[in-house]
Amino acid sequence: MKVELKMVIVLTLIGFFSGGVLYLVNNATKEQIEENLKKETLKAIKEIFPNASNKLPKKIFIDRTTSYFKIHDEKGNLIGYAVVAEGPGFQGDIKLLVGLKPDLKEIVGLYILEQVETPGLGAEIVNPNWRNQFKGKKLPLVVIKQREPKTKNEIKAITGATISSRSVVNIIHNAVEKVKKKEGK
Amino acid sequence: MKIFYILIATILVNNFVLHYFLGICPFLGVSTKMSSAIGMGFAATFVMTLTALITWLVNHYIIIASGFTFLQYVAFILVIASLVQFVEMFLKKFFPALYRALGIYLPLITTNCAILGLALLGAMRKYNLIENIFFGFGAGIGFTLALVAMAGIREELEKADIPEGLKGVGIALITAGLMSFAFLGFAGIIK
Amino acid sequence: MLKEFVKGLWKENPVLVAVLGMCPTLAVTTKAINGFAMGMAVLFVLTSSSIIISLLRKIIPHQVRIPSFIVIIATFVTIVDLFFKAKFPDISKALGPFIPLIIVNCIILARQEAFASKNPLLPSILDAVGMSLGFTWVLLILGAVRELFGFGTIFGYPIMTHIPGFKPILVMILPPGAFITLGVMKGIMEYLTKKWSK
C-alpha cells in the first residue's frame with residue numbers, strides 16, 4: 001500500500017479511536033465532575049448562610065468574572081445574595097464567594113474558593129480567623145493596618161500581606177457594584 | 001492597560017520558567033551558551049505568540065462551540081505540533097540561514113511544556129483574543145529572559161571551581177533557585 | 001528482562017540522570033501526596049501509551065510516528081485528568097495544569113521514541129513501569145522534603161511542629177526551594193554514583 005495512503009489511514013484511525021474513547025470516558029465522568037463542583041459551591045454557601053435551602057440555586061451570570069446566586073431559606077424567603085467573583089491577587093487570580101444581606105450593603109460572610117497566594121502570608125486569606133472579621137461589615141470596606149478595626153467598614157489586613165488583603169476587598173467591591181446594577185438596587 | 005499588566009506580569013512576576021516551572025527542559029539543556037539561548041528564546045517566542053492566536057481560535061470556534069471540552073488537550077497539542085511543523089517548513093524555504101541556525105531547537109519546541117502551558121493557562125484565564133496573543137508573547141519574552149540570564153551565568157561558571165557532583169545540572173538548578181529567589185522580588189509591582 | 005525494569009529506577013533515572021520531566025518535578029512537589037499523585041498519573045499514561053504503541057509499532061508509518069504518539073499520549077492524559085476531576089477533585093486542583101502537561105512531559109515521548117516503538121510488548125511494559133517508578137520516588141522524596149521543611153508535615157501528618165521553636169521555612173514551598181533541593185539531590189546522586197562505581 002502506498003506510504004502516503006497508509007499514513008493518512010493510520011492517523012485517521014488513531015484520531016477516531018482517540019475521539020471515541022474520550023467521548024465514552026467523558027460521559028462516564030461528567031456527572032461526578034458536575035456533582036463535585038455543585039457540592040463545593042453549596043458547601044461555601046452553607047457556611048455563610050446556614051439557613052439556606054439545600055437545593056443549589058440557579059447561577060446568574062454577569063460577566064466572565066462575576067456571577068451570583070439568590071439565596072432563599074427552606075420557606076422560600078430571600079435571605080441574601082451569594083456572589084462568586086474572580087480578580088487579580090498578589091500572585092495570581094483569587095476566586096471568592098461573598099455573602100451579602102438582601103440590601104447588598106452588609107456582608108454575611110466570605111469564602112475563598114481559589115487562590116495561589118504566598119503560603120503563610122497572602123494564602124492566609126483562606127484562614128477562618130481572618131475571614132470571620134468580614135461578618136457584619138458594611139460596604140464600602142476600608143483596609144487598615146496595625147490596629148484593630150474600629151468602625152463597621154474597617155477590615156484589618158493580614159500582616160505582611162496587605163496586597164492580598166486589598167485584592168480581596170477590591171474584588172468584593174467590583175462584584176457587588178455589578179450585582180447592584182443587575183438587581184436594580 | 002490590562003495588556004500592559006499582562007506583559008509585565010508574565011515577563012517578570014509570573015515568569016514562565018522561574019515561577020511556573022514551564023520550559024525547564026530547554027532552560028537547563030540549552031542555556032550553556034548565549035547564542036543557543038538567544039536562538040531558542042526567539043524561536044520559542046515566535047511559536048508561542050502564534051500558538052496563543054491559533055489555540056484561542058480553535059478553543060472558541062471548535063471546542064467551546066461543539067461542547068466537546070474533553071477534546072481540548074488533544075486539539076491543542078495537535079495545533080502546536082502542526083504549527084511547529086509549518087514553521088519549520090516555512091523557515092526552511094524562505095529563511096534557510098535562520099533555519100540552519102536554529103537547527104534542532106525547532107522540533108524541540110513541540111515538547112516544550114511552556115507552549116502547551118501557555119495555551120492551557122490562557123484558556124483557563126479566559127482572555128480575549130488580543131489578551132491571549134500578548135500573553136503568549138510575554139511568555140516567550142519571559143522565557144527568553146530566563147534563558148539568556150542563565151546562559152550568561154553558566155558561561156561564567158564554566159571558569160569556576162565547582163564540586164564534582166554539582167557540575168552541570170546540579171549547579172544549574174541551584175543557580176535557577178537563586179534566580180527565582182531574585183524574581184520573587186518582582187511580585188507586588190502590580191497592584 | 002528484569003534489567004528493563006530496574007534501569008529506570010537508578011542508572012537511567014529519568015529525572016536525575018536523563019534530566020527529563022523537570023517541569024512537573026519542580027512544580028507539584030510542594031507536598032508529598034501531590035508528588036505521589038503525579039507519579040501515579042505518569043505511571044498510568046506511560047504504561048498505557050507504551051502498551052498501545054508497542055502493539056502498533058509495526059503498523060504506524062515512520063513519518064507520522066510523532067503525531068501518532070502524541071495523540072495517543074494526549075488521549076490517556078485526558079482520561080487521567082477526567083478521572084482525577086471526578087474521583088479526587090482536591091488533588092486535581094492541586095496539580096492543576098500539570099496533569100494535561102504530562103502530554104509534553106519529555107519522559108513519555110522519549111520512552112516511546114527510544115523504546116516502546118522498537119520493542120515487543122513485555123519489555124515495553126517493564127520499561128514503562130520502571131521509568132515511572134523511578135520518576136515517582138524522586139518526586140516523593142522531593143515532595144516529602146519540601147513539605148517537611150515548608151509546612152512541617154509529611155503526607156499531612158504533623159512532624160516538625162512537635163519540635164519546639166520550629167518555624168516553617170517558606171522558601172521551601174516556593175520556586176527557589178524546589179530548584180535548590182533538586183539541585184542538591186542531583187549532586188548527591190552524582191556523588192553516590194561515582195563512589196559506588198569505584
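Here the residue numbers are simple positions, counted from 1 along each chain's written sequence. Lettering for chains starts from A, numbering for ligands starts from 1, and both go in the order in which the items are written. Local features in this predicted model are restricted to residues of pLDDT 70 or higher, and side-chain atom pairs are both shown and tallied only at a pLDDT of 80 or more, whereas totals for entire chains, interfaces and linings draw on every residue.

S.K.: Give me the overall build of chain C: which residues, what numbers.
M.R.: Regarding its fold elements, chain C presents eight helices and two strands. For the radius of gyration, the atoms used are the C-alpha atoms, and the globule rule reads 2.2 Å times the number of residues raised to 0.38. Here the C-alpha atoms of chain C give a radius of gyration of 18 Å, agreeing with the 16 Å that 2.2 N^0.38 yields for 198 residues. Viewed in the frame of its principal axes, chain C has a C-alpha envelope of about 65 × 50 × 25 Å. Counting other C-beta atoms within 10 Å of each residue's C-beta, where C-beta atoms are placed from the backbone, gives the exposure class: buried for 20 or more, exposed for 12 or fewer, partly exposed between. Out of the 198 residues belonging to chain C, those deemed buried represent 54%. Our contact criterion uses C-beta atoms placed from the backbone: two residues qualify when those atoms are within 7 Å. Long-range pairs, those at least 24 residues apart, make up 75% of the contacts in chain C between residues at least 6 apart in sequence. Runs of E in the DSSP output that reach at least two residues are strands. Runs of H or I that reach at least four are helices, and both are numbered from the N terminus.

S.K.: Let's hear about the overall build of chain A: which residues, and what values?
M.R.: Counting its regular elements, chain A contains three helices and seven strands. Tracing chain A from N to C terminus, the helices and strands come up as α-β-β-β-β-β-α-β-β-α. Here the C-alpha radius of gyration of chain A, 22 Å, is well above what a compact globule of 185 residues would show, namely 16 Å. C-alpha atoms of chain A, sized along the principal axes, occupy 85 × 45 × 30 Å. Here chain A holds 185 residues, and 32% of them are scored as buried.

S.K.: Quick rundown of the environment of Lys33(B)? Include the residues and the values.
M.R.: All names here are of chain B. For lysine 33, the location among the structural elements is in the loop between α2 (24-29) and α3 (34-66). The class for lysine 33 is partly exposed, based on 13 C-beta atoms found within 10 Å. The spacing of lysine 33 and glutamine 72 is 39 residues in sequence and 36 Å in space, taken between C-alpha atoms. Residues within four places of lysine 33 in sequence aside, it is in contact with Ala151 and Glu155.

S.K.: Would you mind going over the packing of helix α7 (residues 121-150) of chain C against helix α8 (residues 175-196) of chain C in detail, with residue names and values included?
M.R.: Residues and elements named next belong to chain C. It is the contact of α7 with α8, at a shortest axis distance of 10 Å, that shows an interaxial angle of 130°. Between α7 and α8, the crossing angle belongs to the class labelled oblique. Handedness of the α7/α8 crossing: right-handed. Where α7 approaches α8, its residues Ile141, Leu142, Val145, Arg146 and Gly150 are matched on the opposing element by Gly177, Ala178, Thr181, Leu182 and Met185. Tallied by class, residues from the contact of α7 with α8 come to six nonpolar, three polar and one charged. Orientation is described by axes fitted as lines to C-alpha atoms, over the contacting stretch for helices, and by angles from 0 to 180 degrees between their N-to-C directions. Comment on the angle field: the value is read as roughly parallel under 35 degrees, roughly antiparallel over 145, roughly perpendicular from 65 to 115, and oblique elsewhere. Throughout, a crossing is termed right-handed when the near helix is turned clockwise from the far one, and left-handed when it is turned anticlockwise from it by less than a right angle. When residues are grouped by polarity, Ala, Val, Leu, Ile, Met, Phe, Trp, Tyr, Cys and Pro land in nonpolar, Asp, Glu, Lys and Arg in charged, and all others, Gly among them, in polar.

S.K.: Describe in detail the interface of chain C and chain B, supporting the description with residues and values.
M.R.: Counting residues at the interface gives 34 residues for chain C, matched by 35 residues for chain B. When contributions to the side of chain C that touches chain B are tallied by element, the ones reaching two or more residues are α2 (22-27), α4 (65-87), α6 (106-116) and α8 of chain C. Ranked by residue count, the leading element in the side of chain C that touches chain B is α8(C), at twelve residues. Partitioned by chemical class, the residues of the side of chain C that touches chain B number 27 nonpolar, four polar and three charged.

S.K.: Tell me what's going on with the nonpolar core, and back it up with residues and numbers.
M.R.: It is characteristic of soluble globular proteins that their nonpolar side chains tend to be buried jointly. Counting residues in hydrophobic clusters, the biggest one holds 125 residues, and the most contacted among them are Ile77(B), Leu116(B), Val45(C), Ile73(C), Val77(C) and Ile103(C). In terms of residues, this core owes the most to one element, α4(C), which gives twelve residues. Throughout this description, the term nonpolar core refers to a group of buried Ala, Val, Leu, Ile, Met, Phe, Trp, Tyr and Cys residues whose C-beta atoms join them within 7 Å. Counting residues in each nonpolar core, the second largest holds 39 residues, with Ile45(A), Ile71(A), Ala82(A) and Leu97(A) among its members.

S.K.: I'd love a proper account of the sheet that holds strand β4 (residues 93-100) of chain A, names of residues and values included.
M.R.: Residues and elements named next belong to chain A. What the five strands build is an open sheet, ordered β1-β2-β3-β4-β5; its pairing is antiparallel. The open sheet is flanked by β1 (60-63) and β5 (107-114), the only strands paired with a single partner. Going across the sheet, the axis of each strand differs from the next one's by a mean of 20°, ignoring polarity. With seven bridges joining them, strand β2 (residues 66-72) and strand β3 (residues 78-88) adopt antiparallel strand pairing. The residue of β3 that forms the bridge with isoleucine 71 is glycine 80. Where helix α1 (residues 3-48) meets the sheet, its contacts fall on β2, β3, β4 and β5, and the angle it forms with β5 comes to roughly 155°. The strands that helix α3 (residues 162-183) touches are β1, β2, β3 and β4; relative to β3, the one it contacts most, it runs at about 125°. Whether two strands pair comes down to DSSP finding at least two bridges between them.

S.K.: Report on unusual backbone geometry, specifying residues and quantitative values.
M.R.: Residues and elements named next belong to chain A. Leucine 139 connects to proline 140 through a cis peptide bond whose omega is -5°. As for its placement among the helices and strands, proline 140 is situated in the loop between α2 (128-131) and β6 (142-144). Notably, leucine 104 is not glycine yet its phi reads approximately 60°, a positive angle. Inspection of the secondary structure puts leucine 104 in the loop between β4 and β5. Given 18 C-beta atoms within 10 Å, leucine 104 falls into the partly exposed group.

S.K.: With reference to specific residues and values, describe the packing of helix α3 (residues 32-55) of chain C against α4(C).
M.R.: Residue and element names in this part refer to chain C. Two elements in contact, α3 and α4, have axes separated by 9 Å at closest approach and are oriented at 140°. In this view, α3 runs oblique relative to α4, as classed from their interaxial angle. As for the relative orientation of α3 and α4, their crossing is right-handed in sense. Here Ala41, Phe44, Val45, Ser48, Ser49, Ile52 and Ile53 of α3 come into contact with α4, specifically with Phe69, Ile72, Ile73, Phe76, Val77 and Val80. Along the lines of polarity and charge, the residues of the contact of α3 with α4 split into eleven nonpolar, two polar and no charged.

S.K.: Tell me about helix α4 (residues 72-94) of chain B, residues and numbers included.
M.R.: Given a helix with a known number of residues, its expected span is that number minus one, times 1.5 Å. Look at α4(B): 32 Å from first C-alpha to last across 23 residues, which is about the 33 Å you get at 1.5 Å a residue. Listed in full, the buried residues belonging to α4(B) are Gln72(B), Tyr73(B), Val74(B), Phe76(B), Ile77(B), Val79(B), Ile80(B), Ala81(B), Leu83(B) and Val84(B). Where α4(B) is buried, its residues contact α1 of chain A, α3, α6 (105-108) and α7 (113-124) of chain B together with α4 of chain C.

S.K.: How would you summarise the environment of Met40(C) if you had to cite specific residues and measurements?
M.R.: Within the element layout of this structure, Met40(C) appears in helix α3. Each C-alpha atom of the pair Met40(C) and Leu20(C) lies 17 Å from the other, and the pair is 20 residues apart in sequence.

S.K.: Residue-level account of α4(C), with values.
M.R.: Here α4(C) spans 33 Å end to end across 23 residues, near enough to the 33 Å set by a 1.5 Å rise per residue. Within α4(C), 17 of the 23 residues are buried, which leaves the element mostly enclosed by the surrounding structure.

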